[in-house]
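What the coordinates show
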Amino acid sequence: MKAFMDKDFLLDTPTARHLYHDYAADLPIIDYHCHIPPQEIYEDRRFENITQVWLGGHQVLADGSDYYFGDHYKWRVMRSNGVPEEYITGDKPDRERFQKFAEALEMAIGNPMYTWCHLELKKYFGYDGVLNGDTAEEVWNLCNEKLKNDPKMTVRGLIEQSNVAMVGTTDDPVDSLEWHKKIKEDASIKVVVAPSFRPDKALNIYKPGFVEYIHKLESVVGREFKCVGCVEKALEERLQFFVEMGCRAADHGLDYVPFVDSPELADVAFKKAMAGEDPTKEERDAYMTYLLAACARMYKKYNVVMQIHYSCLRNPNAKMLKKLGPDTGFDMIGVTEGSVPLSSLLSKLTDTDELPRTILYSLNPSDFDMLGTLIGSFQGDEVPGKMQMGSAWWFCDTNDGMYQQMRTLARLGLLGNFIGMLTDSRSFLSYTRHELFRRLMCNLVGSWVENGEYPDDEKALKKIVQGISYYNANRYFNL
């Protein structure tokens, strides 16, 4: 029997162990897509206890609304164990909340959360044991003592000891980027912290708050919008500002990918929405298509990578949406038809040579083969792997999901040009997800070598493993 999560964890063959320990483990991390707040990097926040780091909490915003922040994965584990909501997003004492989580984690056999948590405890807190209800007090005291007294346990210290070379945050076009500016001006901050352009609220015309958001965008650029073209122009102005501040990537979080190629209907939709009327499904899809294509052309112009995430069905639990609001861990995989609209969008951009470097992610793993063949139809010569099948995202971010994504890319494209892993996280401890990914990647590559499916070519294997771990993303994002 193998020891629990030892140094050769998930590395089943001698080749896998060699590739990971000698080529992958010590390379820097390029975390090109995450949701960590740049303010906490600049201020070098120190957390009071492990519950703050892992489970987050609740606060009342200036407008009186409730805001819940924390790790949705952990919240779902607790809910699945029957934990009352007052211990999850409520105001129960942090020690009691941690106890409830520890008791739930014991039941999470086979869940990636079990692995992530123990990798974090081992790497950042030096804990080699097992977290459960019985050890919760021991782990609580150990973690909190380190968080309080260890100089390496501030936000910047966590980033440094994780060997992070670049952090790509997620930022709204109306954001002033004041914290990014302060980070750029602080010579003591060595990591690259790059804003990423996320114009979802300007595109999602059918979602609540659209009109209010457009007025906010009008205020930022200093003029009123009369048509959809005005929104396009404002977004380009904001993108220019983001690029000046170091932006390397943009991201679109879509419930589904639209494609109705009609500028006329796009304008109708915008004017209806601003007048308080409801656009038809065709009109709103035309609006979203118009701006999605317009943004893509901007990204090509300003040398920015486009990311598209889609097929998420958000907030299906109406009762909990009403109680807690959105983004509180009640989302699921959506089933949408992405092949025709995605290929139509990419074809439209290719016609005019305005297709940017693009990363495509679906939350539905049944889309993996489709995406693997789609990207092969639109590759370009400006960089190897211009079109990327994004890493296993969100609910796919499991051992099985990551293996499936990599095997699919290997079968249908070139795994050797893959830009690798990201955290997509709000936690400064989540960099261990890169370690887990690199272990799985080396194990997969090693299995092909050991099985005689790829030669034991040291030079080629080193290039492939180090490329996927670090160098491909370094090249792709122009670092």
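See the structure above.
These remarks concern the structure in this document. Worth saying up front: this structure is predicted, and the values here are computed from it rather than measured.

1. Observations concerning the side chain of Q99
- For Q99, the position within the fold is in helix 5 (residues 94-105).
- A relative accessible area of 19% means that Q99 is categorised as buried.
- Dropping the residues within four chain positions of it, Q99 is found in contact with G133 and A136.

2. A look at the pattern of salt bridges
- This structure, assessed with the given rule, holds 26 salt bridges.
- In this structure, R95 engages E137 in a salt bridge whose closest nitrogen and oxygen atoms are separated by 2.8 Å. Of this pair, R95 sits in helix 5 while E137 sits in helix 7 (residues 136-149), and the two are 42 residues apart along the sequence.
- By relative accessible area, which is 23% here, R95 ends up partly exposed.
- Its relative accessible area of 41% is what places E137 among the partly exposed residues.

3. Let's talk about the environment of M389
- In this fold, M389 is placed in strand 12 (residues 387-389).
- Expressed as a C-alpha distance, the spacing of M389 and L360, which sit 29 residues apart in the sequence, is 5.3 Å.
- Ignoring anything within four residues of it in the chain, the contact list for M389 reads L360, F368, L371, G372, I375, Q405, T408, L409 and F418.

4. A closer look at the nonpolar core
- In terms of nonpolar packing, the biggest core is built from 161 residues, with W54, Y287 and M406 touching the most fellow members.
- The leading source of residues in this core is helix 14 (residues 281-301), at 11 residues.
- Excluding residues that lie within four positions of it along the chain, Y287 makes contacts with A202, L203, I205, F210, I214, V228, V231, A266, A269 and F270.

5. Points about empty space enclosed by the protein
- Applying the stated criterion to the full structure yields 3 cavities of 30 Å³ or more.
- For the largest cavity, the calculated volume is near 60 Å³.
- The wall of the largest cavity is formed by I30, I419, G420, M421, H434, F437, R438, I468, S469, Y470 and A473.
- Those elements giving two or more residues to the lining of the largest cavity turn out to be helix 19 (432-450) and helix 20 (458-476).
- Element by element, the count of residues in the lining of the largest cavity is highest for helix 20, at 4 residues.

6. Here we look at the packing of aromatic side chains
- Tallying each qualifying case throughout the model produces 18 aromatic pairs.
- Measuring from centroid to centroid gives 5.7 Å for F98 and W140, while their planes differ by 45°, and the two rings are tilted. Linking F98 in helix 5 with W140 in helix 7, this pair joins segments that are 42 residues apart in sequence. In terms of burial, F98 and W140 fall into one category: buried.
- Stacked on the ring of Y206, the Lys or Arg R284 has its end atom at 4.4 Å from the ring centre.
- Sitting over the face of the ring of W116, R433 holds its NZ or CZ atom 3.9 Å from the ring centroid.

7. As for a negative patch on the surface
- Taken together, D22, E450, D456, D457 and E458 make up a surface patch of like negative charges.
- Note that E450 resides in helix 19.

8. Description of the sheet that holds strand 1 (residues 29-31)
- Taken in spatial order, the 3 strands line up as 1-4-5 in an open sheet, and their pairing is parallel. This sheet does not close on itself; its edge strands, each paired only once, are strand 1 and strand 5 (192-194). The sheet shows a mean angle of 10° between the axes of neighbouring strands, direction not considered.

9. Observations regarding unusual backbone geometry
- A positive phi angle, near 60°, is found at L177, a position not held by glycine.
- Of note, L177 is situated in the loop between strand 4 (164-168) and helix 9 (178-185).
- Phi at D424 is positive, roughly 50°, even though this residue is not glycine.
- Residue placement: D424 occurs in the loop between helix 18 (399-412) and helix 19.

10. Details of the sheet that holds strand 11 (residues 358-362)
- With respect to topology, 5 strands assemble into an open sheet ordered 6-7-8-11-12, the strand pairing being parallel. Strand pairing shows two members of the sheet lacking a second neighbour, strand 6 (196-197) and strand 12, which therefore form its edges.
- By the bridge criterion, 2 bridges tie strand 6 to strand 7 (residues 249-253) in an arrangement that is parallel. Bridging across to strand 7, S196 finds its partner in A249.
- Docked against the sheet, helix 16 (residues 339-351) engages strand 8 (305-310), strand 11 and strand 12, running at close to 165° with respect to strand 8.

11. Some words on the state of the cysteines
- By the definition in use, this model includes 0 disulfides.
- The thiol of C312 is unpaired, and the distance to the nearest cysteine sulfur, on C396, comes to 11 Å.

12. Points about the pairing of strand 8
- Extensive coverage of strand 8 is indicated by the burial of 6 of its 6 residues.
- Side chains V305, Q307 and H309 of strand 8 all project onto a buried face; the interleaved residues M306, I308 and Y310 project onto the opposite face, where all are buried too.
- Across 5 bridges, the pairing between strand 7 and strand 8 is parallel. By the bridge assignment, A250 is partnered in strand 8 with M306.

Thresholds, definitions, all that
Residues numbered from 1 in each chain as written. Predicted model: local features only at pLDDT ≥ 70, side-chain atom pairs only at ≥ 80, totals over all residues. Heavy atoms only, no water. Helix = DSSP H or I, 4+ residues; strand = E, 2+ residues; numbered from the N terminus. Buried < 20%, exposed > 50% of the residue type's maximum accessible area, 1.4 Å probe, protein only. Contact = heavy atoms within 4.5 Å. Salt bridge = Lys/Arg side-chain N within 4 Å of Asp/Glu carboxyl O. Core = buried A, V, L, I, M, F, W, Y, C linked by side-chain atoms within 4.5 Å. 1 Å grid on protein atoms, 1.4 Å probe; cavity = no way out; pocket = protein on both sides within 12 Å on 5 of 7 lines; lining within 4 Å. Points joined across faces, edges and corners; volume = space filled by probe spheres on them. Phe/Tyr/Trp six-rings, centres within 6.5 Å; stacked < 30°, edge-to-face > 60°. Lys NZ or Arg CZ within 6 Å of the ring centre and 35° of its normal. Patch = residues over 30% accessible without salt bridge, like charges linked within 9 Å, V, L, I, M, F, W, Y side chains within 5 Å. Areas by Shrake-Rupley, 256 points an atom, 1.4 Å probe, with all protein chains shown as cover. Lys, Arg positive; Asp, Glu negative; His and termini not counted. Charge placed at Lys NZ, Arg CZ, Asp CG, Glu CD. Pairing = 2+ DSSP bridges. Axes fitted to C-alpha atoms, helices over the stretch in contact; angles between N-to-C directions. Disulfide = S-S within 2.5 Å.

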